[in-house]
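Here are the chains, one letter per residue:
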Amino acid sequence: MKCEEIFAALAMLEKERGIPQNFMMGKIIQALTTAYKRDHEGVENVIVDVDEERHELKMFVQKEIVEEVEFPGTQISLAEAKALSAKNEVGGMVNLPVKNVEFGRIAAGNGKQVIIQGLREAEHGMVYDEFNSKQHEILTGTVTRIDPRYGNVHLRIVGPSGESTEAVLPVNEQVQGEELVEGQMVKVYLVEVRRSTRGPQVVISRTHPGLVKRLFELEVPEIFDGTVEIRSISREPGNRTKMAVWSADENVDPIGACVGPRGQRVNAIVDELQGEKIDIIKYSEDPAEFIAAALAPADVVSVQLADEGKACRVVVPDDQLSLAIGKEGQNARLAARLTGYKIDIKPASYQE
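Residues numbered from 1 in each chain as written. Predicted model: local features only at pLDDT ≥ 70, side-chain atom pairs only at ≥ 80, totals over all residues. Heavy atoms only, no water.

Visitor: I'm lost on the pairing of strand S13 (residues 302–305) in this one. Help?
Guide: Looking down a regular strand, the side chains alternate between one sheet face and the other. Of the strand pairs in this sheet, S13 and strand S14 (residues 311–316) are connected by 4 bridges, and their pairing is antiparallel. Residue pairing across strands places Val303 opposite Val314, the latter belonging to S14. Counting the residues between successive antiparallel strands, the hairpin from S13 to S14 contains 5 residues, one of them, Gly309, with a positive phi of roughly 75°. (Pairing = 2+ DSSP bridges. Helix = DSSP H or I, 4+ residues; strand = E, 2+ residues; numbered from the N terminus.)

Visitor: When you look at the nonpolar core in this model, what are you seeing that I'm missing?
Guide: What tends to happen in soluble globular proteins is that the nonpolar side chains get buried as a cluster. In terms of nonpolar packing, the biggest core is built from 21 residues, with Phe216, Met243, Cys258, Ile278 and Ile280 touching the most fellow members. Of all the secondary-structure elements, those providing two or more residues to this core are helix H5 (209–219), strand S10 (228–236), strand S11 (240–247), helix H7 (254–259), helix H8 (264–272) and strand S12 (277–282). Considering every element that reaches this core, the biggest residue donor is H5, with 4 residues. What Phe216 contacts, discounting residues up to four positions off in sequence, is Ile223, Ile230, Met243, Cys258, Val266, Ile269, Ile278 and Ile280. (Core = buried A, V, L, I, M, F, W, Y, C linked by side-chain atoms within 4.5 Å. Buried < 20%, exposed > 50% of the residue type's maximum accessible area, 1.4 Å probe, protein only. Contact = heavy atoms within 4.5 Å.)

Visitor: In this structure, what is going on with the pattern of salt bridges? I would like to understand it.
Guide: Opposite charge on two side chains lets them pair, provided their charged atoms get close. Per the counting criterion, the structure on display carries 17 salt bridges. The closest approach of N and O atoms between Lys82 and Glu89, which form a salt bridge, is 3.0 Å. A relative accessible area of 32% means that Lys82 is categorised as partly exposed. Residue classification places Glu89 among the partly exposed positions, given a relative accessible area of 46%. Among the ionic pairs, Arg231 bridges to Glu229, the shortest N-O distance being 3.0 Å. With relative accessibility at 33%, the residue Arg231 sits in the partly exposed group. One salt-bridge network, held together by shared partners, links Glu178, Arg206 and Glu272. (Salt bridge = Lys/Arg side-chain N within 4 Å of Asp/Glu carboxyl O.)

Visitor: What should I look at first to understand the layout of surface pockets in this one?
Guide: Over the atoms, a rolling probe the size of a water molecule traces out where space has been left empty. Considering only enclosed or pocket space, the largest pocket measures out at about 340 Å³ in volume. As for the largest pocket, its lining consists of 15 residues, and the residues nearest its centre are Glu166, Val168, Pro200, Gln201 and Val202. Listing elements by their share of the lining of the largest pocket, those giving two or more residues are strand S7 (164–169) and strand S9 (201–205). Looking at the lining of the largest pocket residue by residue, the classes come out as 7 nonpolar, 4 polar and 4 charged. (1 Å grid on protein atoms, 1.4 Å probe; cavity = no way out; pocket = protein on both sides within 12 Å on 5 of 7 lines; lining within 4 Å. Points joined across faces, edges and corners; volume = space filled by probe spheres on them. Nonpolar A, V, L, I, M, F, W, Y, C, P; charged D, E, K, R; others polar.)

Visitor: Looking at this structure, how should I read the packing of helix H9 (residues 287–294) against helix H11 (residues 330–339)?
Guide: A pair of packed helices can be characterised by two numbers: the angle between their axes and the separation between those axes. Running from N to C, H9 and H11 cross one another at 145°; their axes reach a closest spacing of 9 Å. Note that H9 runs across H11; the crossing there is right-handed. On H11, the residues that touch Phe290, Ile291 and Ala294 of H9 are Ala335, Leu338 and Thr339. Looking at the contact of H9 with H11, its residues break down into 5 nonpolar, 1 polar and no charged. (Axes fitted to C-alpha atoms, helices over the stretch in contact; angles between N-to-C directions. Left-handed = near helix turned anticlockwise from the far one by under 90°.)

Visitor: Explain the sheet that holds S13 here, please?
Guide: The strands making up a sheet associate through backbone hydrogen bonding, with each pair oriented either parallel or antiparallel. Ordered by their spatial adjacency, 3 strands build an open sheet running S13-S14-S15, and the pairing between neighbours is mixed. The open sheet terminates on both sides in strands that have one partner only, identified here as S13 and strand S15 (342–347). Strand-to-strand twist across the sheet, computed as the mean angle between neighbouring axes with direction ignored, equals 20°.

Visitor: How should I be thinking about the pairing of strand S1 (residues 46–51) in this particular structure?
Guide: Relative to strand S2 (residues 56–66), S1 is paired through 6 bridges, and the arrangement is antiparallel. Among the inter-strand pairings, Asp49 is bridged to a residue of S2, identified as Lys58.

Visitor: Just checking my understanding: could you explain H8 for this structure?
Guide: Buried within H8 we find Arg265, Val266, Ile269 and Val270. With its buried residues spanning 135° around the axis, H8 presents them on a single face. In this structure, the buried residues of H8 make contact with H5, helix H6 (221–224), H7 and S12. In the stretch just after H8, Gln274 is the one whose phi turns positive, near 60°. (Arc of directions from axis to C-beta.)

Visitor: Sorry if this is basic, but what is going on with the packing of aromatic side chains here?
Guide: Applying the stated criterion across every chain yields a total of 1 aromatic pair. For the pair Tyr283 and Phe290, a centre-to-centre distance of 4.9 Å together with 65° between the ring planes defines the contact as edge-to-face. (Phe/Tyr/Trp six-rings, centres within 6.5 Å; stacked < 30°, edge-to-face > 60°.)

Visitor: How should I be thinking about the environment of Glu236 in this particular structure?
Guide: Looking at the secondary structure, you find Glu236 in strand S10. Glu236 sits 19 residues away from Ile255 along the chain, and the two C-alpha atoms are 21 Å apart. When sequence neighbours within four positions are dropped, the list of residues in contact with Glu236 reads Glu276, Gln330, Arg333, Leu334 and Arg337. Here Arg337 takes part through its side chain, which lies 3.4 Å from a polar atom of the side chain of Glu236. (Polar contact = N/O pair within 3.5 Å; in protein donor to acceptor, adjacent residues only side chain to side chain.)

Visitor: Teacher, can you tell me more about unusual backbone geometry here?
Guide: Glycine aside, residues mostly have negative phi angles, and peptide bonds mostly take the trans form. Here the bond from Ala296 into Pro297 is cis, since omega is 15°, no more than 30 degrees from zero. Take Pro297: it is sitting in the loop between H9 and S13. Located in the positive-phi region is His55, a residue other than glycine, with phi close to 55°. Looking at the element boundaries, His55 is found in the loop between S1 and S2. Located in the positive-phi region is Gln274, a residue other than glycine, with phi close to 60°. Following the sequence through the fold, Gln274 ends up in the loop between H8 and S12.

What follows is the structure, given as structure tokens:
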């Protein structure tokens, strides 16, 4: 049966949407065979032959040749098979063509619906592939709507190849105190991409520590090329971040590279994070040295590691105790997350 319209539609979809013709043709064949089986009880083997050069589709029902027919949907008698070809024998298979009139009716009823459904699936697949390759990266989105009831922010995000999708920035992934408005461009961290019945679900965040890490990679060439490594990050979004950096090159100051001339690099990131403070600390393989550095800006007198487990006692000058602990314990809390150690802070005057 001539199917010029179907082939033309598939060619247009491939040209305009980048959806391969063989993907869509596979969906059409699947729908046609399913529809025929639904209308013809007992039929199992249905074949659709595609002639791309002539733009033709032909449908066949495949049946086994038997002496006596028990299952008409899957079997044909030897006498009937011999009438088609003298070469046919018991145990062989014959392909019986479906009449163009019936095939046309099935195609007309399912073709358009299948193309629409296949198009939706293909687009979902392309969006998934586009954004799945960008997991744990920074993307820029445009705020399209803010839910007045729950505070969720809806964004339109465009991927590197031009595919776009809607994403929701939930309240718990927004930085507290940060106000976003419709039309605003905002950087988000792509946590993961999930498959769902309604298409790919892009999970984004403004609070994830990975956002800070990627911002530094974009801003600091030495981090981007691997000269400086970010070894650890702890973050309380909107307030403070501590970041431990290290370099194998003795001639490179990892902290200086991150701060930049006159603080330009770190200030650009602080501005992007709406004023969030960032402490940049030099990583050390020596746990005591690393813990002492992590408690900056407080000075540390000594660090005593526990005999077992990741715990330590840190002694600081009496006048530095509140600074070491920080407002509501924030400095000590971030230092503990950064180093992975439970930190017990005591003043120098403390005696057991």
